[in-house]
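# Structural description and commentary
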Amino acid sequence: MIQYRTLAAYLAWLDLQSRFRRTRLGVLWVFIQVASFSIGAGFIWAAIFHLEPEEFVPFLAIGFALWGLFVGVFTEGSGAFVAAQGYIKQTSIPLEVYVLRTFLTQMLLFSISFSVSILILALVGKLVFINLVYSIPGFFILSLFSFCTIYSMAYIGVRYRDVQHALVGFFQLFFVLTPVIYPPEILIERGVGFAVYLNPFASLIDIIRTPLLHSKFADIQSYGASMLFILFICLLGIVSRYFLHRKVAYLL
Amino acid sequence: MSAIVLKDISVNFPIQGTQLHGSKASWFNKLTQRKEYYSALNEFSLTVREGDRVGLVGLNGAGKSTLLRVMGGIYTPSSGSVTVNGNVSSLFDLSTGFEMELNAIENIKVRLLLLGLNKDEIRDLTGEIVAFSELGDFIYQPIRTYSAGMFLRLAFSVSTCINPDILLADEIIGAGDHIFAQKAQQRLKRMMENGKTSVLATHSTELIYTYCDRVVWLNKGVVVMDGLVDEVMPLYLKAAL
(Lines give C-alpha, C1' and ligand atoms only; values in the text may rest on other atoms or scores of the structure.)
Protein backbone atom coordinates (compact mmCIF):
# COMPACT_ATOMS: atom_id res chain seq x y z
CA MET A 1 0.00 0.00 0.00
CA ILE A 2 2.93 2.32 0.74
CA GLN A 3 3.89 2.41 -2.93
CA TYR A 4 0.41 3.66 -3.81
CA ARG A 5 0.31 6.55 -1.35
CA THR A 6 1.14 9.01 -4.14
CA LEU A 7 -1.86 7.65 -6.04
CA ALA A 8 -4.16 8.07 -3.04
CA ALA A 9 -2.91 11.61 -2.46
CA TYR A 10 -3.27 12.55 -6.11
CA LEU A 11 -6.80 11.11 -6.32
CA ALA A 12 -7.76 13.02 -3.15
CA TRP A 13 -6.36 16.20 -4.63
CA LEU A 14 -8.32 15.63 -7.86
CA ASP A 15 -11.49 14.88 -5.85
CA LEU A 16 -11.20 18.22 -4.16
CA GLN A 17 -10.57 19.98 -7.46
CA SER A 18 -13.34 18.23 -9.35
CA ARG A 19 -15.87 19.06 -6.65
CA PHE A 20 -15.40 22.72 -7.49
CA ARG A 21 -14.45 22.44 -11.14
CA ARG A 22 -15.84 25.20 -13.31
CA THR A 23 -16.60 27.36 -10.31
CA ARG A 24 -14.85 30.69 -9.95
CA LEU A 25 -14.20 30.50 -6.23
CA GLY A 26 -13.27 26.82 -6.17
CA VAL A 27 -12.26 25.35 -2.84
CA LEU A 28 -12.92 28.73 -1.22
CA TRP A 29 -16.60 27.73 -1.23
CA VAL A 30 -16.02 25.32 1.65
CA PHE A 31 -14.60 28.18 3.65
CA ILE A 32 -17.43 30.55 2.70
CA GLN A 33 -20.17 28.04 3.55
CA VAL A 34 -18.82 27.33 7.02
CA ALA A 35 -17.91 30.95 7.71
CA SER A 36 -21.25 32.40 6.62
CA PHE A 37 -23.23 29.85 8.61
CA SER A 38 -21.12 30.19 11.74
CA ILE A 39 -21.09 33.96 11.75
CA GLY A 40 -24.66 34.48 10.51
CA ALA A 41 -26.36 31.87 12.68
CA GLY A 42 -23.92 32.59 15.51
CA PHE A 43 -24.97 36.22 15.89
CA ILE A 44 -28.71 35.51 15.50
CA TRP A 45 -28.77 32.64 17.99
CA ALA A 46 -26.51 34.50 20.40
CA ALA A 47 -29.10 37.29 20.38
CA ILE A 48 -32.02 34.87 20.83
CA PHE A 49 -30.43 32.89 23.66
CA HIS A 50 -28.78 35.95 25.28
CA LEU A 51 -25.25 34.59 24.76
CA GLU A 52 -22.06 36.49 24.12
CA PRO A 53 -21.28 36.45 20.36
CA GLU A 54 -17.51 36.31 21.05
CA GLU A 55 -18.11 33.07 22.91
CA PHE A 56 -20.87 31.59 20.84
CA VAL A 57 -19.58 32.19 17.28
CA PRO A 58 -16.30 30.23 17.77
CA PHE A 59 -18.27 27.57 19.64
CA LEU A 60 -20.63 27.18 16.70
CA ALA A 61 -17.85 27.31 14.08
CA ILE A 62 -15.93 24.43 15.68
CA GLY A 63 -19.08 22.34 16.12
CA PHE A 64 -20.19 22.95 12.57
CA ALA A 65 -16.80 22.04 11.07
CA LEU A 66 -16.72 18.81 13.10
CA TRP A 67 -20.27 17.94 12.12
CA GLY A 68 -19.33 18.35 8.46
CA LEU A 69 -16.53 15.85 8.98
CA PHE A 70 -18.83 13.32 10.68
CA VAL A 71 -21.34 13.47 7.86
CA GLY A 72 -18.52 13.33 5.31
CA VAL A 73 -16.73 10.27 6.67
CA PHE A 74 -19.97 8.29 6.99
CA THR A 75 -21.64 9.19 3.71
CA GLU A 76 -18.55 9.54 1.52
CA GLY A 77 -17.00 6.55 3.29
CA SER A 78 -19.92 4.35 2.31
CA GLY A 79 -19.35 5.44 -1.29
CA ALA A 80 -15.57 4.98 -1.26
CA PHE A 81 -15.52 1.77 -3.29
CA VAL A 82 -18.53 2.68 -5.40
CA ALA A 83 -16.82 5.91 -6.49
CA ALA A 84 -13.69 3.94 -7.41
CA GLN A 85 -15.49 1.21 -9.32
CA GLY A 86 -13.86 2.12 -12.63
CA TYR A 87 -10.45 1.51 -11.11
CA ILE A 88 -11.43 -1.53 -9.07
CA LYS A 89 -12.77 -3.28 -12.17
CA GLN A 90 -9.63 -2.48 -14.17
CA THR A 91 -6.73 -3.14 -11.83
CA SER A 92 -6.02 -5.30 -8.83
CA ILE A 93 -4.33 -2.78 -6.54
CA PRO A 94 -5.16 -2.99 -2.80
CA LEU A 95 -8.60 -1.65 -1.88
CA GLU A 96 -7.07 0.22 1.04
CA VAL A 97 -5.77 2.77 -1.47
CA TYR A 98 -9.35 3.97 -2.08
CA VAL A 99 -9.97 4.14 1.67
CA LEU A 100 -6.87 6.29 2.05
CA ARG A 101 -8.00 8.48 -0.84
CA THR A 102 -11.39 9.17 0.76
CA PHE A 103 -9.71 9.75 4.13
CA LEU A 104 -7.34 12.32 2.64
CA THR A 105 -10.18 14.07 0.79
CA GLN A 106 -12.18 14.38 4.00
CA MET A 107 -9.13 15.58 5.93
CA LEU A 108 -8.44 18.26 3.32
CA LEU A 109 -12.06 19.43 3.43
CA PHE A 110 -11.99 19.44 7.22
CA SER A 111 -8.76 21.46 7.29
CA ILE A 112 -10.42 24.14 5.21
CA SER A 113 -13.63 24.26 7.22
CA PHE A 114 -11.72 24.14 10.49
CA SER A 115 -9.51 27.04 9.44
CA VAL A 116 -12.68 29.16 9.79
CA SER A 117 -12.70 28.37 13.52
CA ILE A 118 -9.02 29.25 13.85
CA LEU A 119 -9.61 32.52 12.06
CA ILE A 120 -12.63 33.41 14.22
CA LEU A 121 -10.73 32.50 17.42
CA ALA A 122 -7.89 34.74 16.30
CA LEU A 123 -10.30 37.59 15.52
CA VAL A 124 -11.89 37.49 18.97
CA GLY A 125 -8.45 37.18 20.56
CA LYS A 126 -8.96 33.67 21.92
CA LEU A 127 -6.43 31.80 19.88
CA VAL A 128 -4.06 30.58 22.57
CA PHE A 129 -1.14 28.32 21.77
CA ILE A 130 -1.56 26.14 24.85
CA ASN A 131 -5.19 25.42 23.85
CA LEU A 132 -3.95 23.97 20.58
CA VAL A 133 -1.62 21.73 22.57
CA TYR A 134 -4.51 20.58 24.76
CA SER A 135 -6.49 19.67 21.66
CA ILE A 136 -3.77 17.41 20.17
CA PRO A 137 -5.11 14.15 21.70
CA GLY A 138 -8.56 15.10 20.41
CA PHE A 139 -7.32 15.61 16.87
CA PHE A 140 -5.43 12.34 17.02
CA ILE A 141 -8.59 10.48 18.07
CA LEU A 142 -10.60 12.35 15.45
CA SER A 143 -8.24 11.23 12.66
CA LEU A 144 -8.38 7.66 13.89
CA PHE A 145 -12.16 7.83 14.00
CA SER A 146 -12.29 9.20 10.44
CA PHE A 147 -10.02 6.53 9.01
CA CYS A 148 -11.73 3.62 10.76
CA THR A 149 -15.18 4.87 9.84
CA ILE A 150 -14.33 5.23 6.16
CA TYR A 151 -12.69 1.80 6.14
CA SER A 152 -15.74 0.13 7.68
CA MET A 153 -18.38 2.07 5.79
CA ALA A 154 -16.67 1.40 2.44
CA TYR A 155 -17.39 -2.33 2.76
CA ILE A 156 -20.88 -1.90 4.18
CA GLY A 157 -21.79 0.73 1.61
CA VAL A 158 -20.76 -1.37 -1.36
CA ARG A 159 -22.91 -4.30 -0.22
CA TYR A 160 -25.90 -2.35 1.07
CA ARG A 161 -26.45 0.60 -1.20
CA ASP A 162 -29.35 1.84 0.93
CA VAL A 163 -26.92 2.74 3.69
CA GLN A 164 -25.68 5.94 2.09
CA HIS A 165 -29.21 7.28 1.69
CA ALA A 166 -30.25 6.20 5.15
CA LEU A 167 -27.25 7.99 6.65
CA VAL A 168 -28.25 11.33 5.16
CA GLY A 169 -31.58 11.20 7.00
CA PHE A 170 -29.96 9.82 10.13
CA PHE A 171 -27.52 12.72 10.34
CA GLN A 172 -30.26 15.30 9.85
CA LEU A 173 -32.00 13.96 12.93
CA PHE A 174 -28.76 13.59 14.88
CA PHE A 175 -27.77 17.17 14.17
CA VAL A 176 -30.66 18.21 16.41
CA LEU A 177 -29.91 15.58 19.05
CA THR A 178 -26.20 16.37 19.25
CA PRO A 179 -24.90 19.44 21.08
CA VAL A 180 -23.49 21.08 17.98
CA ILE A 181 -25.31 24.39 18.13
CA TYR A 182 -26.14 24.39 21.85
CA PRO A 183 -23.87 23.66 24.81
CA PRO A 184 -24.19 20.11 26.20
CA GLU A 185 -24.70 21.61 29.69
CA ILE A 186 -28.20 22.72 28.68
CA LEU A 187 -29.29 19.12 28.22
CA ILE A 188 -27.49 17.95 31.36
CA GLU A 189 -29.10 20.71 33.48
CA ARG A 190 -32.54 19.79 32.17
CA GLY A 191 -32.14 16.18 33.24
CA VAL A 192 -31.67 14.65 29.78
CA GLY A 193 -27.94 14.24 30.16
CA PHE A 194 -28.17 10.67 28.87
CA ALA A 195 -28.74 12.15 25.40
CA VAL A 196 -25.24 13.60 25.69
CA TYR A 197 -23.49 10.71 27.42
CA LEU A 198 -24.93 8.10 25.08
CA ASN A 199 -24.15 10.09 21.97
CA PRO A 200 -20.63 9.33 20.73
CA PHE A 201 -20.70 12.37 18.45
CA ALA A 202 -21.13 14.60 21.48
CA SER A 203 -17.94 13.10 22.94
CA LEU A 204 -16.02 13.55 19.71
CA ILE A 205 -17.04 17.22 19.62
CA ASP A 206 -16.18 17.66 23.30
CA ILE A 207 -12.59 16.43 22.97
CA ILE A 208 -11.88 19.16 20.40
CA ARG A 209 -14.07 22.00 21.55
CA THR A 210 -13.41 22.01 25.28
CA PRO A 211 -9.59 22.25 24.96
CA LEU A 212 -9.83 24.99 22.34
CA LEU A 213 -12.35 27.14 24.22
CA HIS A 214 -11.68 26.43 27.87
CA SER A 215 -7.93 25.82 27.98
CA LYS A 216 -8.08 22.37 29.54
CA PHE A 217 -8.44 18.73 28.54
CA ALA A 218 -11.98 17.45 28.10
CA ASP A 219 -13.50 15.06 30.64
CA ILE A 220 -11.91 11.65 30.64
CA GLN A 221 -15.34 10.12 29.87
CA SER A 222 -15.36 11.92 26.53
CA TYR A 223 -12.01 10.45 25.50
CA GLY A 224 -13.13 7.04 26.71
CA ALA A 225 -16.47 7.19 24.92
CA SER A 226 -14.76 8.28 21.70
CA MET A 227 -12.29 5.40 21.87
CA LEU A 228 -15.10 2.94 22.61
CA PHE A 229 -16.99 4.23 19.59
CA ILE A 230 -13.90 3.77 17.43
CA LEU A 231 -13.47 0.25 18.78
CA PHE A 232 -17.07 -0.54 17.88
CA ILE A 233 -16.60 0.85 14.36
CA CYS A 234 -13.40 -1.17 13.95
CA LEU A 235 -15.15 -4.39 15.01
CA LEU A 236 -17.88 -3.65 12.51
CA GLY A 237 -15.20 -3.03 9.89
CA ILE A 238 -13.29 -6.22 10.64
CA VAL A 239 -16.44 -8.32 10.35
CA SER A 240 -17.54 -6.59 7.13
CA ARG A 241 -14.09 -6.90 5.63
CA TYR A 242 -13.95 -10.58 6.50
CA PHE A 243 -17.17 -11.31 4.65
CA LEU A 244 -16.95 -8.79 1.82
CA HIS A 245 -13.29 -8.17 0.94
CA ARG A 246 -13.19 -10.78 -1.85
CA LYS A 247 -16.62 -9.83 -3.12
CA VAL A 248 -16.13 -6.11 -3.67
CA ALA A 249 -15.34 -6.41 -7.39
CA TYR A 250 -18.44 -8.56 -7.91
CA LEU A 251 -20.69 -6.09 -6.13
CA LEU A 252 -19.71 -3.18 -8.35
CA MET B 1 7.69 -22.21 -16.78
CA SER B 2 3.98 -21.62 -16.54
CA ALA B 3 2.77 -18.05 -16.72
CA ILE B 4 -0.71 -18.65 -15.38
CA VAL B 5 -2.05 -21.68 -13.54
CA LEU B 6 -5.72 -21.87 -12.62
CA LYS B 7 -6.68 -24.85 -10.53
CA ASP B 8 -10.28 -25.87 -9.83
CA ILE B 9 -11.51 -22.31 -9.64
CA SER B 10 -15.18 -21.46 -9.17
CA VAL B 11 -16.61 -18.00 -9.74
CA ASN B 12 -20.10 -17.12 -8.57
CA PHE B 13 -21.87 -13.87 -9.26
CA PRO B 14 -24.52 -12.57 -6.89
CA ILE B 15 -27.78 -12.31 -8.80
CA GLN B 16 -28.56 -8.60 -8.87
CA GLY B 17 -32.34 -8.96 -8.89
CA THR B 18 -32.51 -10.42 -5.40
CA GLN B 19 -30.31 -7.66 -4.09
CA LEU B 20 -32.67 -5.01 -5.36
CA HIS B 21 -35.39 -6.37 -3.15
CA GLY B 22 -33.11 -6.22 -0.16
CA SER B 23 -33.10 -8.30 2.94
CA LYS B 24 -36.65 -9.58 2.62
CA ALA B 25 -35.83 -11.29 -0.65
CA SER B 26 -32.67 -12.88 0.73
CA TRP B 27 -34.56 -14.23 3.75
CA PHE B 28 -37.10 -15.61 1.37
CA ASN B 29 -34.35 -17.19 -0.71
CA LYS B 30 -32.83 -18.79 2.33
CA LEU B 31 -36.16 -20.21 3.37
CA THR B 32 -36.93 -21.58 -0.06
CA GLN B 33 -33.32 -22.62 -0.79
CA ARG B 34 -33.34 -20.68 -4.01
CA LYS B 35 -29.99 -19.98 -5.61
CA GLU B 36 -28.67 -16.48 -4.98
CA TYR B 37 -25.67 -16.96 -7.20
CA TYR B 38 -25.00 -17.50 -10.84
CA SER B 39 -22.05 -19.76 -11.40
CA ALA B 40 -19.90 -18.38 -14.24
CA LEU B 41 -17.00 -20.81 -13.85
CA ASN B 42 -17.26 -24.10 -12.02
CA GLU B 43 -14.16 -26.05 -10.92
CA PHE B 44 -12.29 -24.68 -13.88
CA SER B 45 -8.63 -25.49 -14.55
CA LEU B 46 -6.30 -24.07 -17.18
CA THR B 47 -2.54 -23.67 -17.56
CA VAL B 48 -0.98 -21.00 -19.76
CA ARG B 49 2.71 -21.59 -20.50
CA GLU B 50 5.19 -18.75 -20.83
CA GLY B 51 5.15 -17.45 -24.39
CA ASP B 52 1.72 -18.88 -25.14
CA ARG B 53 -0.49 -16.68 -27.25
CA VAL B 54 -3.91 -17.88 -26.29
CA GLY B 55 -7.14 -16.94 -28.02
CA LEU B 56 -10.32 -17.34 -25.99
CA VAL B 57 -13.38 -18.03 -28.11
CA GLY B 58 -16.97 -18.80 -27.27
CA LEU B 59 -20.42 -17.32 -27.59
CA ASN B 60 -21.64 -14.47 -25.37
CA GLY B 61 -21.85 -15.57 -21.77
CA ALA B 62 -19.31 -18.38 -22.21
CA GLY B 63 -17.15 -16.98 -19.38
CA LYS B 64 -14.36 -15.37 -21.43
CA SER B 65 -14.38 -12.00 -19.68
CA THR B 66 -14.80 -13.56 -16.26
CA LEU B 67 -11.82 -15.81 -16.91
CA LEU B 68 -9.67 -12.85 -17.96
CA ARG B 69 -10.65 -10.91 -14.84
CA VAL B 70 -9.70 -13.87 -12.66
CA MET B 71 -6.31 -14.00 -14.38
CA GLY B 72 -5.94 -10.24 -13.88
CA GLY B 73 -6.58 -10.55 -10.13
CA ILE B 74 -9.78 -8.52 -10.21
CA TYR B 75 -12.17 -11.31 -9.34
CA THR B 76 -11.10 -13.55 -6.48
CA PRO B 77 -12.58 -17.01 -7.10
CA SER B 78 -14.71 -18.43 -4.31
CA SER B 79 -12.63 -21.61 -4.39
CA GLY B 80 -9.54 -22.94 -6.16
CA SER B 81 -6.13 -21.39 -6.64
CA VAL B 82 -4.73 -18.83 -9.09
CA THR B 83 -0.99 -18.52 -9.71
CA VAL B 84 0.36 -15.77 -11.96
CA ASN B 85 4.07 -15.39 -12.66
CA GLY B 86 5.09 -12.01 -14.02
CA ASN B 87 3.53 -8.56 -14.19
CA VAL B 88 0.19 -8.31 -15.90
CA SER B 89 -1.29 -5.60 -18.07
CA SER B 90 -4.96 -5.82 -18.75
CA LEU B 91 -7.06 -4.22 -21.45
CA PHE B 92 -10.61 -4.67 -20.22
CA ASP B 93 -13.54 -2.52 -21.19
CA LEU B 94 -11.48 0.52 -22.21
CA SER B 95 -14.15 3.02 -21.23
CA THR B 96 -14.07 2.39 -17.48
CA GLY B 97 -11.44 3.83 -15.19
CA PHE B 98 -11.48 7.33 -16.64
CA GLU B 99 -12.77 10.44 -14.91
CA MET B 100 -14.86 12.39 -17.38
CA GLU B 101 -14.35 15.79 -15.75
CA LEU B 102 -10.56 15.51 -15.78
CA ASN B 103 -8.38 16.22 -18.77
CA ALA B 104 -6.22 13.69 -20.58
CA ILE B 105 -3.01 14.57 -18.75
CA GLU B 106 -4.65 14.09 -15.33
CA ASN B 107 -6.27 10.83 -16.40
CA ILE B 108 -2.97 9.54 -17.78
CA LYS B 109 -1.26 10.35 -14.49
CA VAL B 110 -3.90 8.45 -12.50
CA ARG B 111 -3.65 5.42 -14.77
CA LEU B 112 0.13 5.33 -14.60
CA LEU B 113 0.05 5.66 -10.81
CA LEU B 114 -2.36 2.72 -10.78
CA LEU B 115 0.29 0.73 -12.61
CA GLY B 116 2.68 1.56 -9.78
CA LEU B 117 5.08 3.71 -11.80
CA ASN B 118 7.26 6.42 -10.26
CA LYS B 119 7.47 10.12 -11.05
CA ASP B 120 10.22 9.92 -13.69
CA GLU B 121 8.63 6.99 -15.50
CA ILE B 122 5.32 8.85 -15.51
CA ARG B 123 6.89 11.96 -17.02
CA ASP B 124 8.59 9.99 -19.79
CA LEU B 125 5.57 7.87 -20.60
CA THR B 126 3.10 10.76 -20.59
CA GLY B 127 4.93 12.36 -23.50
CA GLU B 128 4.95 9.10 -25.36
CA ILE B 129 1.24 8.49 -24.75
CA VAL B 130 0.30 11.98 -25.88
CA ALA B 131 2.34 11.53 -29.06
CA PHE B 132 0.89 8.10 -29.82
CA SER B 133 -2.71 9.18 -29.26
CA GLU B 134 -2.29 12.18 -31.64
CA LEU B 135 -4.75 14.21 -29.58
CA GLY B 136 -2.75 17.43 -29.91
CA ASP B 137 -4.04 20.34 -27.87
CA PHE B 138 -7.15 18.44 -26.83
CA ILE B 139 -5.14 16.77 -24.06
CA TYR B 140 -5.91 19.80 -21.88
CA GLN B 141 -9.69 19.49 -22.35
CA PRO B 142 -11.90 17.47 -20.01
CA ILE B 143 -12.40 14.09 -21.62
CA ARG B 144 -16.18 14.37 -21.48
CA THR B 145 -15.79 16.71 -24.47
CA TYR B 146 -14.04 14.01 -26.52
CA SER B 147 -15.59 12.23 -29.48
CA ALA B 148 -15.88 8.44 -29.23
CA GLY B 149 -12.85 8.04 -31.48
CA MET B 150 -10.69 10.46 -29.53
CA PHE B 151 -11.61 8.72 -26.32
CA LEU B 152 -10.66 5.33 -27.73
CA ARG B 153 -7.33 6.70 -28.92
CA LEU B 154 -6.54 7.94 -25.43
CA ALA B 155 -7.72 4.77 -23.71
CA PHE B 156 -5.80 2.51 -26.05
CA SER B 157 -2.60 4.57 -25.87
CA VAL B 158 -2.65 4.59 -22.07
CA SER B 159 -3.50 0.93 -21.68
CA THR B 160 -0.74 -0.29 -24.00
CA CYS B 161 2.05 2.06 -22.96
CA ILE B 162 3.96 -0.46 -20.88
CA ASN B 163 5.35 -3.80 -21.97
CA PRO B 164 4.02 -6.40 -19.55
CA ASP B 165 5.10 -10.02 -19.12
CA ILE B 166 1.50 -11.06 -19.56
CA LEU B 167 -1.04 -9.20 -21.66
CA LEU B 168 -4.74 -9.83 -21.06
CA ALA B 169 -7.09 -8.30 -23.62
CA ASP B 170 -10.85 -8.39 -23.89
CA GLU B 171 -12.34 -7.39 -27.27
CA ILE B 172 -10.39 -4.22 -27.59
CA ILE B 173 -9.27 -4.08 -31.17
CA GLY B 174 -10.73 -1.70 -33.70
CA ALA B 175 -9.94 1.57 -31.98
CA GLY B 176 -10.52 4.86 -33.77
CA ASP B 177 -10.43 5.61 -37.48
CA HIS B 178 -8.66 3.28 -39.91
CA ILE B 179 -5.32 5.05 -39.68
CA PHE B 180 -5.26 4.79 -35.90
CA ALA B 181 -6.67 1.25 -36.03
CA GLN B 182 -3.66 0.25 -38.13
CA LYS B 183 -1.27 1.86 -35.69
CA ALA B 184 -3.04 0.13 -32.82
CA GLN B 185 -2.87 -3.25 -34.52
CA GLN B 186 0.85 -2.80 -35.12
CA ARG B 187 1.46 -1.96 -31.50
CA LEU B 188 -0.52 -4.97 -30.30
CA LYS B 189 1.28 -7.21 -32.73
CA ARG B 190 4.63 -5.97 -31.49
CA MET B 191 3.60 -6.52 -27.88
CA MET B 192 2.59 -10.07 -28.64
CA GLU B 193 5.61 -10.87 -30.78
CA ASN B 194 8.01 -9.82 -28.02
CA GLY B 195 7.83 -13.41 -26.87
CA LYS B 196 5.54 -12.42 -24.02
CA THR B 197 2.51 -14.33 -22.91
CA SER B 198 -0.88 -13.11 -24.04
CA VAL B 199 -4.49 -14.10 -23.57
CA LEU B 200 -6.94 -12.51 -25.95
CA ALA B 201 -10.72 -12.89 -25.89
CA THR B 202 -12.30 -12.10 -29.22
CA HIS B 203 -15.07 -12.86 -31.67
CA SER B 204 -12.84 -12.04 -34.63
CA THR B 205 -11.60 -15.13 -36.47
CA GLU B 206 -9.07 -12.98 -38.27
CA LEU B 207 -7.46 -11.84 -35.02
CA ILE B 208 -7.20 -15.39 -33.77
CA TYR B 209 -5.39 -16.49 -36.92
CA THR B 210 -3.12 -13.40 -36.85
CA TYR B 211 -2.15 -13.25 -33.18
CA CYS B 212 -2.70 -16.62 -31.54
CA ASP B 213 -1.05 -20.01 -31.57
CA ARG B 214 -3.42 -21.70 -29.16
CA VAL B 215 -7.19 -21.53 -28.87
CA VAL B 216 -9.34 -22.26 -25.83
CA TRP B 217 -12.99 -22.70 -26.72
CA LEU B 218 -15.32 -22.00 -23.82
CA ASN B 219 -19.00 -22.71 -23.43
CA LYS B 220 -20.99 -21.99 -20.25
CA GLY B 221 -17.86 -21.87 -18.13
CA VAL B 222 -16.45 -25.15 -19.41
CA VAL B 223 -13.59 -25.81 -21.84
CA VAL B 224 -15.03 -27.45 -24.92
CA MET B 225 -11.70 -27.75 -26.70
CA ASP B 226 -8.13 -26.60 -26.15
CA GLY B 227 -5.49 -26.90 -28.85
CA LEU B 228 -3.73 -25.41 -31.88
CA VAL B 229 -5.53 -22.75 -33.90
CA ASP B 230 -5.91 -24.98 -36.95
CA GLU B 231 -7.38 -27.79 -34.89
CA VAL B 232 -9.91 -25.84 -32.86
CA MET B 233 -11.09 -23.01 -35.08
CA PRO B 234 -12.73 -25.07 -37.90
CA LEU B 235 -14.73 -27.06 -35.35
CA TYR B 236 -15.66 -23.93 -33.33
CA LEU B 237 -16.81 -22.07 -36.41
CA LYS B 238 -18.85 -25.04 -37.55
CA ALA B 239 -20.52 -25.31 -34.14
CA ALA B 240 -21.08 -21.59 -33.84
CA LEU B 241 -22.93 -21.49 -37.15
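Everything in this summary refers to the structure shown in the same document. Quantities reported herein were computed from a predicted structural model and do not represent experimental measurements. (Residues numbered from 1 in each chain as written. Chains lettered and ligands numbered in written order. Predicted model: local features only at pLDDT ≥ 70, side-chain atom pairs only at ≥ 80, totals over all residues. Heavy atoms only, no water.)

### Some remarks on the overall build of chain A
A tally of regular secondary structure across chain A gives 14 helices and zero strands. Element order for chain A, N to C, with α for helix and β for strand: α-α-α-α-α-α-α-α-α-α-α-α-α-α. In terms of overall dimensions, chain A is globule-like: its C-alpha atoms have a radius of gyration of 19 Å, near the 18 Å expected for 252 residues. Taken along its principal axes, the extent of the C-alpha atoms in chain A is 55 × 45 × 35 Å. Taking all 252 residues of chain A together, the buried fraction comes to 50%. In chain A, the share of contacts with a sequence separation of at least 24, taken over all contacts with a separation of at least 6, comes to 76%. Across chain A, 16 positive and 11 negative side-chain charges occur, with their mean positions spaced 18 Å apart. (Helix = DSSP H or I, 4+ residues; strand = E, 2+ residues; numbered from the N terminus. Rg over C-alpha atoms; globule rule 2.2 N^0.38 Å. Buried < 20%, exposed > 50% of the residue type's maximum accessible area, 1.4 Å probe, protein only. Contact = heavy atoms within 4.5 Å. Lys, Arg positive; Asp, Glu negative; His and termini not counted. Charge placed at Lys NZ, Arg CZ, Asp CG, Glu CD.)

### A look at the layout of surface pockets
Residue and element names in this part refer to chain A. In this structure, the second largest pocket spans a volume of roughly 770 Å³. Taken together, 29 residues form the lining of the second largest pocket, with P184, E185, D206, T210 and H214 sitting closest to its centre. Elements supplying a minimum of two residues to the lining of the second largest pocket: α3 (53-78), α10 (184-189), α11 (194-197), α12 (200-214) and α13 (220-244). With eight residues, α12 is the largest single contributor of residues to the lining of the second largest pocket. Taken together, the residues that form the lining of the second largest pocket break down as 15 nonpolar, five polar and nine charged. (1 Å grid on protein atoms, 1.4 Å probe; cavity = no way out; pocket = protein on both sides within 12 Å on 5 of 7 lines; lining within 4 Å. Points joined across faces, edges and corners; volume = space filled by probe spheres on them. Nonpolar A, V, L, I, M, F, W, Y, C, P; charged D, E, K, R; others polar.)

### Things to note about the interface of chain A and chain B
Often the size quoted for an interface is simply the accessible area lost on bringing the parts together. Opposite the 26 residues of chain A that make contact, chain B presents 33 residues. Together chain A and chain B conceal approximately 2,600 Å² of surface at their shared face, both sides included; 54% is due to carbon and sulfur atoms. On the chain A side of the contact with chain B, Y87, Q90 and Y250 of chain A bury the most area, a combined 32% of that side's loss. Applying the counting rule to chain A against chain B returns zero salt bridges. Counting across the interface, chain A meets chain B through six residue pairs in polar contact (both at pLDDT 80 or more). Of all the secondary-structure elements, those providing two or more residues to the side of chain A that touches chain B are α1 (5-19), α5 (85-88), α6 (96-123) and α14 (248-251) of chain A. Residue contributions to the side of chain A that touches chain B peak at six residues, all from α1 of chain A. (Buried area = accessible area lost by both parts, 1.4 Å probe. Salt bridge = Lys/Arg side-chain N within 4 Å of Asp/Glu carboxyl O. Polar contact = N/O pair within 3.5 Å; in protein donor to acceptor, adjacent residues only side chain to side chain.)

### Some thoughts on helix α9 (residues 162-177) of chain A
Residues and elements named next belong to chain A. Over its 16 residues, α9 runs 23 Å from end to end, which matches the ideal 22 Å to within 8%, given 1.5 Å per residue. All buried positions along α9 are accounted for by V163, L167, F171, F174 and F175. Those residues of α9 that are buried are in contact with α3, α8 (136-159) and α12. (Expected span 1.5 Å × (residues − 1).)

### Topic: the nonpolar core
Membership of the largest hydrophobic core comes to 124 residues, with the highest contact counts inside it found for F70, F74, F81, F145 and F201 of chain A together with M71 of chain B. Here the element with the most residues in this core is α3 of chain A; it accounts for 11 residues. Among residues more than four places away in sequence, those in contact with F74 of chain A are F145, T149, M153, L167, F171, F201, F229 and I233 of chain A. (Core = buried A, V, L, I, M, F, W, Y, C linked by side-chain atoms within 4.5 Å.)

Purely geometric numbers; function is a separate question.
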